[in-house]
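# Residue-level structure breakdown
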Amino acid sequence: MVQEVSGQLFKEHIMHVFKYTVHFLEEHHLRYVACGGTVLGAVRHKNFIPWDDDVDIYMPRADYERLLDLKSEVLKDGFDVLSLRDDGYYLPFAKISDCKTTLWEQAEFPFVMGVYVDIFALDNFNFTDAEITFIQKRSLKKFYNYQKSINRMPTGDWWKWLLMGDFRKAMDKIQIFCSRPFRKILLKRFLDYQSWYSGFDGDKTVCVTQWAGRIFKREWFEDVIDYPFGDMMIKIPRDYAGYLTCLYGDYMTLPPVEKRVSDHNHLYLNFDESLSLEEIKQRIK
């Protein structure tokens, strides 16, 4: 069972990780800029979006890769840098995670972390929008092929979905089962493709493994300002209006009440202990 906590308490722990992350990045002269709902929260609410519960950061590819190389330094501080370099990690972007907490998000991916901040790499291009979108879609496809290989969803009942006429679910389970022996090959294919497209340059910027078709101006993430977010200052695009309009349209208008919800899973959450997967399973029996 998930430890019962208030949304405010969860955000306080995220803020703890966020403050550490900003301090570490600045101490090591690594460039970053807040992105997505974190920028929207800063501009519209001067804090988290009230119904949101995560923090997102963009980093230029070179700085992002350097952060991954500094994993041992982060560990000394009681935090961790999680990425595809970690066995069983199942996302195409990194996280800085608090090692003193425990979070298990999805049953089909038995990977345990702590309360975290999401970190995405930015790549630059000078291609047409259609060409960039093609690269995004191809990269995402390669990643999802790999992700299936580490998915631990039971696959033995695929035939039930077939008999029920749900061919998509049946095929998904068959693909998950068939891809497992090729896990290392599929990961290499994704990373090789990432290495290829990360070598380009241009005035367009994209987070390739996020929002296929969403293409930004490079200047948005290079010309930044300090902006209040709760009791700290964070870096956001100077032209935050242009960036947020690109993402959300009329970004100052609140969404309908029924859409003011978080979409993050917390299968198990513990703020007080660092637990292994086996220890979690013992507690949630």
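Before reading further, recall that the structure is shown in the block above.
Nothing here was measured: the structure is a model prediction, and the numbers come from that model.

With that out of the way, let us pick up helix α5 (residues 129–149). In this model α5 runs 31 Å from its N-terminal to its C-terminal C-alpha over 21 residues, within 8% of the 30 Å that 1.5 Å per residue would give. Those residues of α5 lying buried are I132, T133, I135, Q136, S139, L140, K142, F143, Y146, Q147 and S149. Those residues of α5 that are buried are in contact with β6 (116–125), α7 (167–179), α8 (183–197) and β7 (204–206).

With that settled, the discussion passes to the pairing of strand β2 (residues 56–60). The side chains of a regular strand alternate between the sheet's two faces. Of all 5 residues making up β2, 4 are buried, and the element is well covered by its neighbours. Summarising the sheet, strand β1 (residues 33–34) and β2 pair through 2 bridges and their orientation is antiparallel. From the neighbouring strand, V33 faces β2, where its bridge partner is Y58. In this sheet, β6 lies alongside β2 in parallel orientation, the contact comprising 5 bridges. What sits directly across from D56, in β6, is D118.

This part takes up the packing of aromatic side chains. Scanning all chains against the criterion turns up 29 aromatic pairs. Ring geometry for F216 and F221: centres 5.5 Å apart, planes at 75°, overall edge-to-face. F221 matches F216 in its accessibility class, with the two residues each being buried. What links up through ring pairs into an aromatic cluster is the set Y58, F93, F120, F216, W220, F221 and Y243. Cation over ring: K142 sits above Y193, and NZ or CZ is 5.5 Å from the ring centre. Here R214 stacks its cationic end above the ring of W211, 5.6 Å away from the centre of that ring.

With that settled, consider the pairing of β6. A large share of β6 lies buried, amounting to 10 of its 10 residues. Neither face of β6 is open: one carries Y116, D118, F120, L122 and N124, the other V117, I119, A121, D123 and F125, and all of them are buried. Bridge count between strand β4 (residues 94–98) and β6: 4 bridges; the pairing is antiparallel. Note that in β6 the partner of A94 across the bridge is I119. Across 3 bridges, the pairing between β6 and β7 is antiparallel. Along β7, the bridge assignment pairs D123 with V206.

Calculation criteria
- Residues numbered from 1 in each chain as written.
- Predicted model: local features only at pLDDT ≥ 70, side-chain atom pairs only at ≥ 80, totals over all residues.
- Heavy atoms only, no water.
- Helix = DSSP H or I, 4+ residues; strand = E, 2+ residues; numbered from the N terminus.
- Expected span 1.5 Å × (residues − 1).
- Buried < 20%, exposed > 50% of the residue type's maximum accessible area, 1.4 Å probe, protein only.
- Contact = heavy atoms within 4.5 Å.
- Pairing = 2+ DSSP bridges.
- Phe/Tyr/Trp six-rings, centres within 6.5 Å; stacked < 30°, edge-to-face > 60°.
- Lys NZ or Arg CZ within 6 Å of the ring centre and 35° of its normal.

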